[in-house]
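Summary of structural features
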Amino acid sequence: MNNAYFDLLMWARGPGFTIALTVMVGGILLRLVEILLLGRKKDFAKAKGSPVAQGIKTIFTRSVARKGMMKEAPVTYVAGYVFHLGFAVAFLFLGAHIALIKSLLGFGWFDVNKALIETAAALAVIAAIALAYTRFTDPVRRALTRFDDWVVLVLSVLPLITGYIAVNRVFGVDATLWMAIHILTAELLMIAFPFTKLMHAVTFAVSRYYNGSIQGRKGAES
Amino acid sequence: MADRPMLPELMRAHGVSRRGFLKYCASLTSALALPPALAPKIAYALENAARPSVIWLSFQECTGCTEAITRSHAPTIEDLIFNAISLDYHHTLQAASGHAAEAAREHAMKENYGNYLVIVDGSIPVDNPEYSCIAGISNLDMLKETAAGAAAIIAVGTCAAYGGIPHANPNPTGAVAVSEIITDKPIINIPGCPPIPIVMTSVIAQFLTLGLDSIEVDELGRPKAFFGETIHDRCYRRPFYDKGLFAETFDDEGAREGWCLYKLGCKGPTTKSVCATVKWNDGTSFPIQAGHPCLGCTEPDFWDNGGFYKPLSAPAGNYRQAGYAAIAAGAALGVAGGALARATKAKAVAAHEVVDAHDLEKKS
């Protein structure tokens, strides 16, 4: 006699995770190496400023939105931050996630209270709904949206929702089944990562560096 | 059955008062998650219950389940219930041996055909039934023969319920659970390695008093009264999980302070049992209270479920090799993609026709 739920969990923790990790790591490297190899055209002009320093600086300074954004697109501004921070807190500070990171990398860090994790996750979900709403109602953004943008939005939110359900056994669901579903939704996100705009979590540094260094070479400071 | 003593006589013989008996009935009702109003009914039923014949079959097992059921300290009422049934066959506990023992089983079967209760601990080897024989009879044959006249079967312990440790990879004997061989009889699974004594005795008591139909089981054949909730949900260390306080090793501050054992591989979140509330040895303790993570022994295949000391959230497969291969393949494909893009770019530049003002004038 088998427990089908536990078998699903074991598949998610075993072959499922191996597949997801392989696709994600291989995909990220593929795209990153390709981008870096492509490089940029050599600029023969004498640099007025310091392109490298400005490039590195821009990677961080662009994390702060430019002035006027609050007035121009308040939902994108606030919900954008809330979603990213909420997702990061929920992902990086839950004890179970740190146990996973530790088994992968050999080191971990401090855990925080589950109440804080759940607040962060709930805020992130609300923010994602707000972002989806403005994406749908704003005609410009709607025109810019492709099908895979919606897929990415759903895939990013699913692990937060399934994780909350699994830990709290909302509606009295089976803990084992929902732990398996939670891991599987995270694995879907991992698989989609290199091939969608989710890749911005890695490429943001490259594009910001290029922008910063181009401007830095011309003597502009970011 | 008329010559067999009824429970009240046995009670008196064991020095248990009427008050003690009624108290037990109330706690039994509570343990079974039945309404309190049923306590008098249980008392009445137990008082009037004739001792049914029980045949206890031990197959590929370690006798841990028998050890557990005998750990109900005499003269507790669990012990009484155990004595109050007519245990006609049990390798470890019966006085008879050899042919006399087998004769006792055959006699009990014949006398009570269709009404006796079969309790099984241990798994059954089917690859080669001769791997485990009793008195020259293979476990497979003995189970089939004995189950034929049984009113019901209780599979005690994870081996009988799900195959257990003998069933663990690579399962050299082809061990299977009782339910995989007997399909035409009601089977109640009481898994655990071993099961909690009071869970075994309570289920037997419920069977005797309220009948088989009163025992509600889950999809794994376990009584819901005892296997309805996870250990994690009822664990006294749960507040530490919620606060993010974990023991990282067996001898760190967290372990000494009694923090959550999730990171040491505790299977409490996926394991259904009443270990955390009913506990063992008269409610003294249970594994997590003793500082060891739950192994998940009431679940099928607990031996093969990714390692006892690996956290539930940690990957269980051999992902590192695949990961390294992915790094190499990803980098190689990236180089190839980059080279291809560069070649395409160079080709486009080479194919670009340079047009100046003179050319334009010529053409017009």
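Because the structure is a prediction, the values reported are computed rather than measured.

1. Some remarks on the overall build of chain B
Secondary structure summary: chain B contains 17 helices and 9 strands in total. Reported as C-alpha extents along the three principal axes, the dimensions of chain B are approximately 125 × 50 × 45 Å. Within chain B, the proportion of its 364 residues that are buried is 51%. Considering only contacts in chain B between residues 6 or more positions apart, those separated by 24 or more positions represent 74%. A total of about 16800 Å² of accessible surface is found on chain B, and carbon and sulfur atoms cover 57% of it.

2. Some words on the overall build of chain A
Secondary structure summary: chain A contains 10 helices and 0 strands in total. C-alpha extents for chain A along the principal axes are approximately 75 × 40 × 35 Å. Counting only residues that meet the buried cut, chain A has 41% of its 222 residues in that class. Sequence separation of at least 24 residues holds for 74% of the intrachain contacts in chain A that already meet a minimum separation of 6. Summed over its atoms, the accessible surface of chain A is roughly 12300 Å², and 72% of this surface lies on carbon and sulfur atoms.

3. With respect to the confidence of the model for chain B
On average, residues of chain B carry a pLDDT of 87, and 92% of them reach 70 or more. In the predicted assembly, ipTM is 0.89 and pTM is 0.87.

4. Some details on the interface of chain A and chain B
In this assembly, 40 residues from chain A lie in contact with 51 residues from chain B. With both chains or domains summed, chain A and chain B bury close to 3900 Å², and 59% of this area falls on carbon and sulfur atoms. Linking chain A to chain B there are 5 salt bridges. Summed over the shared surface of chain A and chain B, the number is 16 residue pairs in polar contact (both at pLDDT 80 or more). Examining the composition of the side of chain A that touches chain B, we find that 18 residues originate from one element, helix 1 (residues 4-38) of chain A, more than from any other. Tallied by class, the residues present in the side of chain A that touches chain B amount to 23 nonpolar, 10 polar and 7 charged.

5. Regarding the packing of aromatic side chains
When we look at a pair of aromatic rings, we describe it by the centre distance and by the angle of the planes. In this structure the tally under the stated criterion is 15 aromatic pairs over all chains. Relative to Tyr-210 of chain A, the ring of Tyr-209 of chain A lies with its centre 6.4 Å away and its plane at 55°, an arrangement referred to as tilted. Accessibility expressed as a relative area gives 25% for Tyr-209 of chain A, which makes it partly exposed. Among the aromatic side chains, those forming a connected cluster through ring pairs are Tyr-241, Phe-246 and Tyr-262 of chain B. For the cation-ring pair, Arg-40 of chain A lies above Tyr-210 of chain A, with the distance from its terminal atom to the ring centre recorded as 5.3 Å.

6. Observations regarding a positive patch on the surface
Taken together, Arg-40 and Lys-41 of chain A together with Arg-342 and Lys-345 of chain B make up a surface patch of like positive charges. Following the sequence through the fold, Lys-345 of chain B ends up in helix 16 (residues 319-351).

7. Digging into the sheet that holds strand 2 (residues 86-89) of chain B
All names here are of chain B. Here 5 strands make up an open sheet; going across it, the order is 2-1-3-7-9 and the pairing parallel. The open sheet has two edge strands, strand 2 and strand 9 (187-190), and neither has a second partner. Mean inter-strand twist for the sheet, computed between neighbouring axes without regard to direction, equals 25°. Alignment of strand 7 (residues 150-156) against strand 9, held across 4 bridges, turns out to be parallel. Within strand 9, the position partnered with Ile-153 by the bridge is Ile-187.

8. Quick look at the side chain of Ser-123 of chain B
Residues and elements named next belong to chain B. As for its position among the elements, Ser-123 is in the loop between strand 3 (116-121) and strand 4 (124-125). On the accessibility criterion, Ser-123 (0% relative accessible area) is buried. Those residues within four positions of Ser-123 in sequence are excluded, and the remaining contacts are Phe-59, Gln-60, Asn-139, Cys-159, Ala-160, Gly-163, Pro-166, Ala-175 and Val-176.

9. Examining a nonpolar patch on the surface
Together, Leu-105, Phe-107, Trp-109 and Phe-110 of chain A give the surface a local cluster of nonpolar side chains, amounting to about 440 Å² of exposed area. With respect to the helices, strands and loops of the structure, Phe-107 of chain A is situated in the loop between helix 5 (95-105) and helix 6 (114-137).

10. Comments concerning unusual backbone geometry
A cis amide bond links Asn-169 of chain B to the next residue, Pro-170 of chain B, at an omega of 5°. Its location among the elements puts Pro-170 of chain B in the loop between helix 9 (164-167) and strand 8 (175-176). In this model, Cys-193 of chain B is joined to Pro-194 of chain B through a cis peptide bond whose omega is -5°. Even without a glycine there, the phi angle at Phe-171 of chain A is positive, about 60°.

11. Quick notes on the domain arrangement of chain B
All names here are of chain B. Taken domain by domain, chain B comprises domain 1 (7-227) and domain 2 (231-304). Once you take the C-alpha centre of each, domain 1 and domain 2 turn out to be 27 Å apart. Every contact between the two is made by 23 residues of domain 1 and, on the other side, 17 residues of domain 2. Along the contact surface separating domain 1 from domain 2 lie 1 salt bridge. Taking the shortest distance from any N to any O, the salt bridge between Arg-222 and Glu-299 comes out at 2.9 Å. Where domain 1 packs against domain 2, one counts 5 residue pairs in polar contact (both at pLDDT 80 or more). Going through the elements one at a time, helix 8 (157-162), helix 9, helix 10 (197-210) and helix 11 (224-227) are the ones with two or more residues in the side of domain 1 that touches domain 2.

12. So, helix 7 (residues 139-147) of chain B
Looking at helix 7 of chain B, one finds that the buried residues are Asn-139, Leu-140, Met-142, Leu-143, Thr-146 and Ala-147 of chain B. Within helix 7 of chain B, the buried residues cover an arc of 170° as seen down the axis, which keeps them to one side.

13. Digging into the packing of helix 1 of chain A against helix 10 (residues 200-217) of chain A
All names here are of chain A. Running from N to C, helix 1 and helix 10 cross one another at 10°; their axes reach a closest spacing of 10 Å. As the angle between them shows, helix 1 and helix 10 are arranged roughly parallel. Here helix 1 contributes Ile-28, Leu-32, Ile-35 and Leu-36 to the contact with helix 10, which in turn contributes Val-202, Thr-203, Val-206 and Tyr-210. Here the residues of the contact of helix 1 with helix 10 sort into 7 nonpolar, 1 polar and no charged.

14. Observations regarding the packing of helix 4 (residues 74-93) of chain A against helix 6 of chain A
Residues and elements named next belong to chain A. In the contact formed by helix 4 and helix 6, the axes pass within 7 Å of each other and the chain directions differ by 145°. Pair helix 4 / helix 6 crosses with left-handed handedness. On helix 6, the residues touching Val-75, Thr-76, Ala-79, Gly-80, Val-82, Phe-83, Gly-86, Phe-87, Val-89, Ala-90 and Phe-93 of helix 4 are Ile-117, Ala-120, Ala-121, Leu-123, Ala-124, Ala-127, Ala-128, Ala-130, Leu-131 and Thr-134. Partitioning the contact of helix 4 with helix 6 into residue classes produces 17 nonpolar, 4 polar and no charged.

Definitions and limits used
- Residues numbered from 1 in each chain as written.
- Chains lettered and ligands numbered in written order.
- Predicted model: local features only at pLDDT ≥ 70, side-chain atom pairs only at ≥ 80, totals over all residues.
- Heavy atoms only, no water.
- Helix = DSSP H or I, 4+ residues; strand = E, 2+ residues; numbered from the N terminus.
- Buried < 20%, exposed > 50% of the residue type's maximum accessible area, 1.4 Å probe, protein only.
- Contact = heavy atoms within 4.5 Å.
- Areas by Shrake-Rupley, 256 points an atom, 1.4 Å probe, with all protein chains shown as cover.
- pLDDT = per-residue confidence, 0-100.
- Buried area = accessible area lost by both parts, 1.4 Å probe.
- Salt bridge = Lys/Arg side-chain N within 4 Å of Asp/Glu carboxyl O.
- Polar contact = N/O pair within 3.5 Å; in protein donor to acceptor, adjacent residues only side chain to side chain.
- Nonpolar A, V, L, I, M, F, W, Y, C, P; charged D, E, K, R; others polar.
- Phe/Tyr/Trp six-rings, centres within 6.5 Å; stacked < 30°, edge-to-face > 60°.
- Lys NZ or Arg CZ within 6 Å of the ring centre and 35° of its normal.
- Patch = residues over 30% accessible without salt bridge, like charges linked within 9 Å, V, L, I, M, F, W, Y side chains within 5 Å.
- Lys, Arg positive; Asp, Glu negative; His and termini not counted.
- Charge placed at Lys NZ, Arg CZ, Asp CG, Glu CD.
- Pairing = 2+ DSSP bridges.
- Axes fitted to C-alpha atoms, helices over the stretch in contact; angles between N-to-C directions.
- Domains from an automatic or database assignment.
- Arc of directions from axis to C-beta.
- Parallel < 35°, antiparallel > 145°, perpendicular 65-115°, else oblique.
- Left-handed = near helix turned anticlockwise from the far one by under 90°.

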